[in-house]
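Summary of structural features
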Amino acid sequence: MPKHSEERYYDPDWKRPEIIYGESLVGEIAKPGERLAVATMEIPWNLVKGKLPVKPEAVVFVQDMELRTLESLEKAVPPVDVVAGIGGGSSHDLAKYIALKKGARLVQVPTILSSDASVTSAIGIREGWRVRYIGHVEIDRILVDFSLIKQAPKELVRYGASDILSSHTAKYDWKIASSRHKERFDQSYYEKARDMLAKLAENRFEVRDVTDEGIKTIVELYLGYAEIAEKLRSDRAQEGSEHFFAYNVEYLTRRQYVHGKLLAVGILAMSYIQENEFDKILQLMRDMGLEARPSIVDLGKEDFSKAMMTLRTFAERGGYYYSVINEIELDRSISEELYKILSSTF
Ligand SMILES: [Zn+2]
């Protein structure tokens, strides 16, 4: 039986899931005789549906990530042995939810890398458009099928680097929080996170070109951060004000985004607010082929400024970590100035 839990968020005994890198791996999803459910979206489903090893008992398509939607989707799925999440972050979170409720083995098959959801154990859901994490699932296997991932638009793989790059601003927030005695600090995990960022920078052109090595770099670094989160029992090393910005934009605009794209805007914005190596991060993004203009996620000046100005209240109400936004007044003039700077950087 897989070690899923509805109550626990982190597992200090966490073990790295089995990761298989290669080509044409879809056949590894289930063994003959196993009952399979698939969580997916239309585009990835069309890529794999003819190649599955067993006929699924249910194919569930992502609608939105609101908890009540997930509940009703899950109820329609018959008992199964394996749940496979095939697609991007939403498919993986839906698969986690179904696996948790069914007590089934979980296999994740990323076809894009827009967020780290294929690797992490917590289930990211929305309640009234606010992000919440529920439960903890044990991932049995992650199939990293290079040829499958390379069929996606390159940008939907490159922006996967955002969930690693977010450590740049998150680590800074962690330091602020610990210096104000709001949070425990752990030097060795801090340094580990720093070294992983260096690894991303080292392989930045592989990420830009979406090579096997670039894909592997992103997946391995996701795993590195997942391990830190499990052992530290906190996502601090990778989640800070840049994520809160992204969550607030979702909340305010009631729209679904490619996580890594929206997050890129948050990372660059917060590195400016933190006065934390803005130019270096900008260059690294350019080298990886990422942009962080608010317009890449159709965010206009008014929505961007509103997201900035309401950020502290949003983070406090949501019970998110202490960060730079608790210390700096983000008024209209700073917000509009920042919008102008980000819009002219690429
Ligand atoms: Zn994220």
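Data block above holds the structure.
Remember, predicted model here, so these are calculated numbers, not experimental data. (Residues numbered from 1 in each chain as written. Predicted model: local features only at pLDDT ≥ 70, side-chain atom pairs only at ≥ 80, totals over all residues. Heavy atoms only, no water.)

Here's the deal with the pairing of strand E2 (residues 36–40)
Stated precisely, the cut-off is as follows: Using a 1.4 Å probe on the protein chains alone, a residue whose accessible area is under 20% of its type maximum counts as buried, one over 50% counts as exposed, and one in between counts as partly exposed. Counting from the N terminus, the helices are DSSP H or I runs at least four residues long and the strands are E runs at least two residues long. Strands are labelled as partners when DSSP assigns at least two bridges between them.
The element E2 is extensively covered by neighbouring structure, given that five of its five residues are classed as buried. Of the two faces of E2, both are covered, the one formed by Leu36, Val38 and Thr40 as well as the one formed by Ala37 and Ala39. Relative to strand E4 (residues 82–87), E2 runs parallel, the two being bridged by five bridges. From the neighbouring strand, Thr40 faces E4, where its bridge partner is Ile86. As defined by bridge partners, E2 adjoins strand E3 (residues 58–61) across four bridges and the pair is classed as parallel. Note that in E3 the partner of Ala39 across the bridge is Val60.

Examining the coordination of the zinc ion
Heads up, the rule is: Donor atoms are limited to N, O and S found within 2.8 Å of the metal ion, a distance that becomes 3.2 Å for Na, K and Ca. With water left out, some sites might look partial.
The protein atoms that coordinate the zinc ion are Asp163 (OD), His243 (NE2) and His259 (NE2), at distances of 2.1 Å. Residue class for Asp163 comes out buried when judged on its relative accessible area of 2%. For His259, a relative accessible area of 18% gives the class buried.

Some points on the pattern of salt bridges
For clarity, the cut-off: We define a salt bridge as a contact between a side-chain nitrogen of Lys or Arg and a carboxyl oxygen of Asp or Glu at a distance within 4 Å.
In the structure shown here, the tally under the stated rule is 25 salt bridges. The salt bridge partner of Glu28 is Arg141, with a shortest N-O separation of 3.7 Å. Taken as a pair, Glu28 in the loop between strand E1 (18–22) and E2 and Arg141 in strand E8 (residues 141–145) lie far apart in primary sequence, 113 residues in all. On the basis of relative accessibility, which here comes to 38%, the residue Glu28 falls in the partly exposed class. Given the relative accessible area of 18%, Arg141 is considered buried. Through salt bridges with shared partners, a single ionic network connects Glu18, Glu28 and Arg141.

What to know about the packing of aromatic side chains
Put simply, the rule reads: Note on ring pairs: Phe, Tyr and Trp rings are taken, using the six-membered ring of Trp, and paired if centres are within 6.5 Å. Classes follow the plane angle, with under 30 degrees stacked, over 60 edge-to-face and the rest tilted. A ring is scored as having a charge over it whenever the NZ atom of a lysine or the CZ atom of an arginine sits within 6 Å of its centre and within 35 degrees of its normal.
Within the structure shown, the criterion is met by 12 aromatic pairs. Judged by centre distance (6.4 Å) and plane angle (55 degrees), the ring pair of Phe244 and Tyr321 falls under tilted. Pair noted here: Phe244 is in helix H10 (residues 241–253) and Tyr321 is in the loop between helix H14 (311–318) and helix H15 (332–343), with a separation of 77 residues, a long-range link. Aromatic ring contacts, followed pair by pair, group Phe244, Tyr247, Tyr251, Phe314, Tyr320 and Tyr321 into a single cluster. Here the basic side chain of Arg130 rests over the ring of Tyr251, its NZ or CZ set 4.3 Å away from the ring centre. Sitting over the ring of Tyr190, Lys175 keeps its end group 4.5 Å from the ring centre.

Considering unusual backbone geometry
For Glu277, which is not a glycine, the phi torsion comes out positive at approximately 50 degrees. Take Glu277: it is sitting in the loop between helix H11 (259–273) and helix H12 (278–288). The class of Glu277 is partly exposed, set by a relative accessible area of 41%. One non-glycine residue, Asp298, lies in positive phi territory at about 55 degrees. In this structure, Asp298 sits in the loop between H12 and helix H13 (301–309). Given the relative accessible area of 60%, Asp298 is considered exposed.

Points about the side chain of Asp287
For the record, the criterion: Contact definition: two residues touch when any of their heavy atoms are within 4.5 Å.
Mapping Asp287 onto the fold places it in helix H12. Ignoring sequence-local partners within four residues, the contact set of Asp287 consists of Arg204, Phe205 and Arg208.

Quick word on the nonpolar core
Stated formally: The term nonpolar core refers to a set of buried residues drawn from Ala, Val, Leu, Ile, Met, Phe, Trp, Tyr and Cys, joined through side-chain atoms within 4.5 Å.
Counting 101 residues, the largest nonpolar core has Leu165, Phe245, Met285 and Phe304 as the members making the most contacts within it. Top contributing element to this core by residue count: helix H9 (residues 212–232), with 10 residues. Beyond its immediate sequence surroundings of up to four residues, Met285 is in contact with Leu165, Ala264, Ile267, Leu268, Leu290, Ala292 and Phe346. Within the second largest apolar cluster, 18 residues are counted, among which are Ile20, Val26, Val48 and Leu52.

Some words on the packing of helix H6 (residues 162–179) against H11
To keep it simple, the criterion reads: To obtain each axis, a line is fitted to C-alpha atoms, and for helices this fit is confined to the stretch in contact; angles are then taken between N-to-C directions over 0 to 180 degrees. Angle categories: roughly parallel below 35 degrees, roughly antiparallel above 145, roughly perpendicular from 65 to 115, and oblique for all the rest. Note: crossing handedness is left-handed where the near helix turns anticlockwise from the far helix by less than a right angle, and right-handed where it turns clockwise.
It is the contact of H6 with H11, at a shortest axis distance of 9 Å, that shows an interaxial angle of 20 degrees. Judged by the angle between their axes, H6 and H11 are roughly parallel. The hand of the H6/H11 crossing is left-handed. When H6 is examined against H11, the residues Ser162, Asp163, Leu165, Ser166, His168 and Thr169 are found in contact with a partner set consisting of His259, Gly260, Leu263, Ala264, Ile267, Met270 and Ser271.

Without other data, these values stay purely geometric and don't point to any function.
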